[in-house]
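A look at the structure
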Amino acid sequence: MTTDPRRRVPRTDAVLADARLRAAAARIGRPAVKAAVVRAQDRVRAGDLDPAAVADAALAALPDTPGGLRPVLNATGVVLHTNLGRAALSEAARAAVADAAGHTDVEMDLDTGRRARRGRTALAALAAAVPGAGGVHVVNNGAAALALTATALAAGREIVLSRGEMVEIGDGFRLPDLLASTGARLREVGTTNRTTVDDYAAAVGPETGFVLRVHPSNFVIRGFTHTPDLAELRGLSVPVVADIGSGLLAPDPLLPGEPDAAGALHAGAALVIASGDKLLGGPQAGLLLGERALVERLRRHPLARALRVDKLTLAALQATLTGPPTPTWQALHADPQALRERTGRLRDTLAAAGVDVDLVASAAVVGGGGAPEQELPSWALALPEAYAAPLRRAAPPVVGRVVHGRLRLDLRCVPVTADAAVVDAVLAVAGG
């Protein structure tokens, strides 16, 4: 007689008593662990799993973290990889987030016991980083900052914008569509390749809310082109808003083509919009810097409440602004020769173990919609293309990029402390 498979399924409470699953329940929650056990029990009923392996199968199916997001080693050579979360937070910012996870004084003055301005210390740090800004405000991303600006200053009115700056970024997001959704009307001036000061001046009138300048941070137009500097627009009778995109607060000699907030304000912009999770190297945030009265007008607009940032973002932003160099800064400024020596050591270790591996020159990029033509000289491990998928499924996942039929692992954005993890992952794939 054949035994009913249901009689062979171990009891749920017995499986949950496994010490490994109890530890997992403490880490990610009992419901997630129990659900994994139930799925493993169903496999026993279907005849796909031995009853003695239920606990092992449940453990293998559990997520690594309670949030479901898996830490990844970014070996793509793209410093600000949008699909990998753009900027990696510094240790200082991570510690600040952990400290802010409980109750905090985010809106309380502990000396008086009274309500205080939300995130005042983070805002003070931002103001100190850009002394030329009369006022600062933070919302939840760059698009939110632009939407708030358009709504507060130009709803039912016109925004003057060059045709060469009507940009589209990732996932089909188009800047003109965002602006139109706020109730503003777009007044296009100039042409795709050439726009002059006279084009702007002729379009400005009683219906103009502001002139918008957008840095085309993910493409370049070359040849017969012209775009006036911000300083040339000083004489216009309306505010000039500069969306600088990638988030530099001050000039960086490594990125001479990238605009910065301090420079834009000095040139005459009334308001600057920037991102927090790009070249600044902080959390996702939209930074608004400019004339005090203008920033205060945005801060007090009803939409600002819907776009405000949480305490974790404020904590991470302040730590980014006041703390040590960020992982983004370190990756951008990594010394190519040091990268070659470091990558060579890993190549030698893997080659000695019989892995098909080469050391190759590589070109890293900024990514994240910044410095589209800038290449960063780098070095990478070159492995068989077939390693790409299993490395993405490793623990931790190692994500590279395939070039000419070989998988390249560029260590520019990989912490030195993770080199051993890269070697172990490659060896596991090679041996598997």
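For the structure, see preceding data.
Below is a summary of the structure that appears in this document. (Residues numbered from 1 in each chain as written. Predicted model: local features only at pLDDT ≥ 70, side-chain atom pairs only at ≥ 80, totals over all residues. Heavy atoms only, no water.)

This next bit is on helix α15 (residues 336–352). Helical periodicity: at 3.6 residues per turn, an α-helix aligns residues three or four positions apart in one direction. Along its 17 residues, α15 runs 24 Å from first to last C-alpha, staying within 8% of the 24 Å computed at 1.5 Å per residue. Among the structural elements, β12 (358–367), β13 (370–384) and α17 (419–431) are those in contact with the buried residues of α15. Positive phi appears at G354, one or two residues downstream of α15, with a value of about 90°. (Helix = DSSP H or I, 4+ residues; strand = E, 2+ residues; numbered from the N terminus. Expected span 1.5 Å × (residues − 1). Contact = heavy atoms within 4.5 Å.)

Before going further, it helps to examine the packing of helix α2 (residues 19–28) against helix α3 (residues 30–45). Relative orientation of the contacting elements α2 and α3 amounts to 135°, with a least axis distance of 7 Å. Judged by the angle between their axes, α2 and α3 are oblique. Across from L21, A24, A25 and I28 in α2, the residues of α3 making contact are R30, A32, V33 and V37. For the contact of α2 with α3, the residue count by class is seven nonpolar, no polar and one charged. (Axes fitted to C-alpha atoms, helices over the stretch in contact; angles between N-to-C directions. Parallel < 35°, antiparallel > 145°, perpendicular 65-115°, else oblique. Nonpolar A, V, L, I, M, F, W, Y, C, P; charged D, E, K, R; others polar.)

By way of backbone hydrogen bonds, the strands of a sheet pair with one another, either parallel or antiparallel. Ordered by their spatial adjacency, five strands build an open sheet running β2-β12-β13-β16-β15, and the pairing between neighbours is mixed. In this open sheet, the two strands that pair with only one neighbour each are β2 (78–80) and β15 (401–403). When the angles between neighbouring strand axes are averaged without regard to direction, this sheet yields 45°. Packing of α15 onto the sheet brings it into contact with β12 and β13, and relative to β13 it is tilted by some 20°. (Pairing = 2+ DSSP bridges.)

All right, on to unusual backbone geometry then. That bond from A395 to P396 is cis: its omega, 0°, falls within 30 degrees of zero. By the element assignment, P396 lies in the loop between α16 (388–392) and β14 (398–399). Backbone geometry at R86 places phi at a positive 55°, although glycine is not the residue there. Within the secondary structure, R86 is located in the loop between β2 and α5 (91–100). The partly exposed category is assigned to R86, whose relative accessible area is 24%. Unusually for a residue other than glycine, H404 sits at a positive phi of about 50°. Position of H404 among the secondary structure elements: in the loop between β15 and β16 (406–410). Since its relative accessible area comes to 79%, H404 is described here as exposed. (Buried < 20%, exposed > 50% of the residue type's maximum accessible area, 1.4 Å probe, protein only.)

For strand β9 (residues 240–245), a buried count of six out of six residues is recorded, marking the element as mostly surrounded by other parts of the structure. Residues V240, A242 and I244 point to one face of β9 and V241, D243 and G245 to the other, with burial holding for every one of them. As paired strands, strand β8 (residues 208–214) and β9 are joined by four bridges and run parallel to one another. When the sheet's bridge partners are listed, V214 is paired in β9 with D243. What joins β9 to strand β10 (residues 271–275) is helix α10 (residues 261–267), and the crossover it makes is right-handed. (Right-handed = clockwise from strand over helix to strand, strands pointing away.)

Let us now look at the packing of aromatic side chains. By the definition in use, this model includes zero aromatic pairs. The aromatic ring of F224 is capped on one face by R194, whose charged end is 4.3 Å from the ring centroid. (Phe/Tyr/Trp six-rings, centres within 6.5 Å; stacked < 30°, edge-to-face > 60°. Lys NZ or Arg CZ within 6 Å of the ring centre and 35° of its normal.)

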